[in-house]
Amino acid sequence: MITANENFLKLPGSYLFSDIAKKVNAFKEANPDSSIIRLGIGDVTRPLAPACIEAMHRAVNDLTDTQTFHGYGPEQGYRFLTEAIVTNDFLPRGVQLSPDEVFVSDGAKSDTGNIGDILHRNNIVAVTDPVYPVYIDSNVMGGRAGELGADGRWTNLVYLPCTAANNFVPQLPEQRVDMIYLCYPNNPTGTTLTKAQLKVWVDYALENDALILFDAAYEAFIEEQDVPHSIYEIAGARQCAIEFRSFSKTAGFTGVRCGYTVVPKEVTAAAPGGKRIALNALWNRRQCTKFNGASYITQRGAEAVYSEEGKKQVRQTIDYYKNNARTMKQGLEAAGLKVYGAVNSPYIWLQTPQGVSSWQFFDRLLHEVGVVGTPGAGFGPSGEGYLRLTAFGTHEACMEAMKRIKEWLK
Ligand code: MLT
């Protein structure tokens, strides 16, 4: 008898962003003339940098000739890209990495979702709350989460609440944990940790033989000095942290698909017989078996992000979104709302008006204003009372959304 993986049966109906898309589509069908502004899922709207487009065109041409044709690439990514990553993303910040500690992939969503493959099912997992749903769902699939309680919390997960009450800074857990997911700048709250605040977690991981899974997908949006771009800027992190990066938000690759994961060779985990095993070797083994590499065309496009023109063009696009975030923060504050994030991040985390739940606010915003956000409660119990807006829309759409919200809240 074929039997399903029972862990999948524990998952709630569907993925958060699919639920929202269904609600928005139903509204659109019922109100075909409405003009909806989509500031829900963090999907980019600006075209790719010309340097990336040109590089991808050249890569397509390479495939037309037997001399320059590329079939299967290295599962870890082409050396031209891993070297460019090490040289441009890490060296300038004083972080020394070897290219074979970098694994190129089709994005941080896949890697943060798949990393559990190489970690024992019995590890205790801590997540900040609210949280990017992939970390939780993938641990449900991997059998680490236990059961979903009536309070919206999984029985075996350790939740680290991040709300205005603690300035969105997670406190160390009271019980020992093995795997700790940290995403900074944070999705969904848009808030950050300072170097000193992140060091607390690195020290904890070192003292407790724990592993930090650090998602730095929004690193390019950091503008404040004391906010680390990489966890490896913190002493000791090479021994206890894996870092995930993405070209999606940095270079508009949400549709192209490219990211990478850094697994330093010093990061180890306990293995039977009292031995330690390098996670770099395990991740390499996993990728070689289950992944055939991001496409050559994609990786040439990603490499161009690090060219002189690429850097300038990508920066212009990030500045465009950052300007949106600033404008939205000002607009929402002028409308009387309390707003967090938006400074080192494309996400704006707003407090819903007194007594209005995040799903109620989401529904009213959609039905009465025609603006799509993401209800905070969809990211976890501590997201209740908040709603997330993204700054990835066009500037005009962001301005129009602010105008409508201001009118509505008058
Ligand atoms: C989000 O809206 O949280 C992100 O776009 C989702 C993702 O990056 O997968």
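Before reading on, note that the structure itself is shown above.
Residues numbered from 1 in each chain as written. Predicted model: local features only at pLDDT ≥ 70, side-chain atom pairs only at ≥ 80, totals over all residues. Heavy atoms only, no water.

## Examining empty space enclosed by the protein
Applying the stated criterion to the full structure yields 1 cavity of 30 Å³ or more. By volume, the largest cavity is sized at about 40 Å³. What lines the largest cavity is Pro47, Leu48, Ala49, Thr250, Ala251, Gly252, Gln313, Val314 and Thr317. Where the lining of the largest cavity is concerned, the elements lending two or more residues are α8 (247-251) and α11 (308-334). Per-element accounting of the lining of the largest cavity gives the leading share, 3 residues, to α11. Split by residue class, the lining of the largest cavity holds 5 nonpolar, 4 polar and no charged. (1 Å grid on protein atoms, 1.4 Å probe; cavity = no way out; pocket = protein on both sides within 12 Å on 5 of 7 lines; lining within 4 Å. Points joined across faces, edges and corners; volume = space filled by probe spheres on them. Helix = DSSP H or I, 4+ residues; strand = E, 2+ residues; numbered from the N terminus. Nonpolar A, V, L, I, M, F, W, Y, C, P; charged D, E, K, R; others polar.)

## Regarding helix α12 (residues 358-369)
For α12, which comprises 12 residues, the first-to-last C-alpha distance of 15 Å matches the rise-based estimate of 16 Å (1.5 Å per residue) to within 8%. Those residues of α12 that fall on the buried side of the exposure criterion are Ser358, Phe361, Phe362, Leu365, Leu366 and Val369. Down the axis of α12, the buried side of the element spans an arc of 130°, and every buried residue falls inside it. Looking at the packing, one finds that the buried side of α12 touches α2 (16-30), β12 (347-351), β13 (371-372), β14 (374-375), β15 (386-390) and α13 (395-409). With its phi angle positive at about 75°, glycine 370 sits one or two positions after the end of α12. (Expected span 1.5 Å × (residues − 1). Buried < 20%, exposed > 50% of the residue type's maximum accessible area, 1.4 Å probe, protein only. Arc of directions from axis to C-beta. Contact = heavy atoms within 4.5 Å.)

## A look at the sheet that holds strand β2 (residues 102-105)
One open sheet holds the 7 strands; their spatial order is β2-β8-β7-β6-β5-β3-β4, and the pairing between them is mixed. Sheet topology places β2 and β4 (157-161) at the edges, where each strand pairs with a single neighbour. Shown here is a sheet whose adjacent strand axes are inclined to one another by a mean of 20°, direction ignored. Pairing between β2 and strand β8 (residues 259-262): 4 bridges, direction antiparallel. Along β8, the bridge assignment pairs valine 102 with valine 262. (Pairing = 2+ DSSP bridges. Axes fitted to C-alpha atoms, helices over the stretch in contact; angles between N-to-C directions.)

## Some thoughts on the site of the ligand
Near the ligand the following residues occur: Phe17, Ile41, Gly42, Lys109, Tyr132, Asn187, Tyr218, Lys249, Tyr347 and Arg388. A distance of 2.9 Å separates an oxygen atom of the ligand from a polar side-chain atom of asparagine 187. The separation between an oxygen atom of the ligand and a polar side-chain atom of arginine 388 is 2.7 Å. Expressed as a share of its isolated accessible area of 270 Å², the protein-covered part of the ligand is 85%. Among the residues forming the shell around the ligand, the class breakdown is 5 nonpolar, 2 polar and 3 charged. (Near = heavy atom within 4 Å. Polar contact = N/O pair within 3.5 Å; in protein donor to acceptor, adjacent residues only side chain to side chain. Areas by Shrake-Rupley, 256 points an atom, 1.4 Å probe, with all protein chains shown as cover.)

## Focus: the sheet that holds β14
In space, the 4 strands of this open sheet follow the order β11-β12-β15-β14, with antiparallel pairing throughout. On the outer flanks of this sheet lie β11 (339-341) and β14, each paired with one strand and no other.

## A short note on the side chain of serine 34
Examined against the element boundaries, serine 34 turns out to sit in the loop between α2 and β1 (37-38). At 2.7 Å, the side chain of serine 34 and the backbone oxygen of asparagine 31 are in polar contact. Setting aside its immediate chain neighbours within four residues, serine 34 contacts Phe27 and Lys28.

## As for helix α6 (residues 133-141)
The element α6 is extensively covered by neighbouring structure, given that 7 of its 9 residues are classed as buried. Taken from the residues just after α6, glycine 143 is the one with a positive phi, measuring 80°.

## Digging into a nonpolar patch on the surface
Taken together, the side chains of Phe8, Leu9 and Met141 define a hydrophobic patch exposed on the protein surface, amounting to about 310 Å² of accessible area. Looking at where leucine 9 falls in the secondary structure, it is placed in helix α1 (residues 6-9). The class for leucine 9 is exposed, based on a relative accessible area of 65%. (Patch = residues over 30% accessible without salt bridge, like charges linked within 9 Å, V, L, I, M, F, W, Y side chains within 5 Å. Salt bridge = Lys/Arg side-chain N within 4 Å of Asp/Glu carboxyl O.)

## Some thoughts on unusual backbone geometry
Across the junction of aspartate 129 and proline 130, the peptide omega takes the value 10°, indicating a cis bond. If you trace the backbone, proline 130 turns up in the loop between β3 (125-129) and α6. A positive phi angle is found at asparagine 167, which is not glycine, with a value near 60°. Relative to the assigned elements, asparagine 167 resides in the loop between β4 and β5 (179-183). By relative accessible area, asparagine 167 is classed as exposed at 57%.

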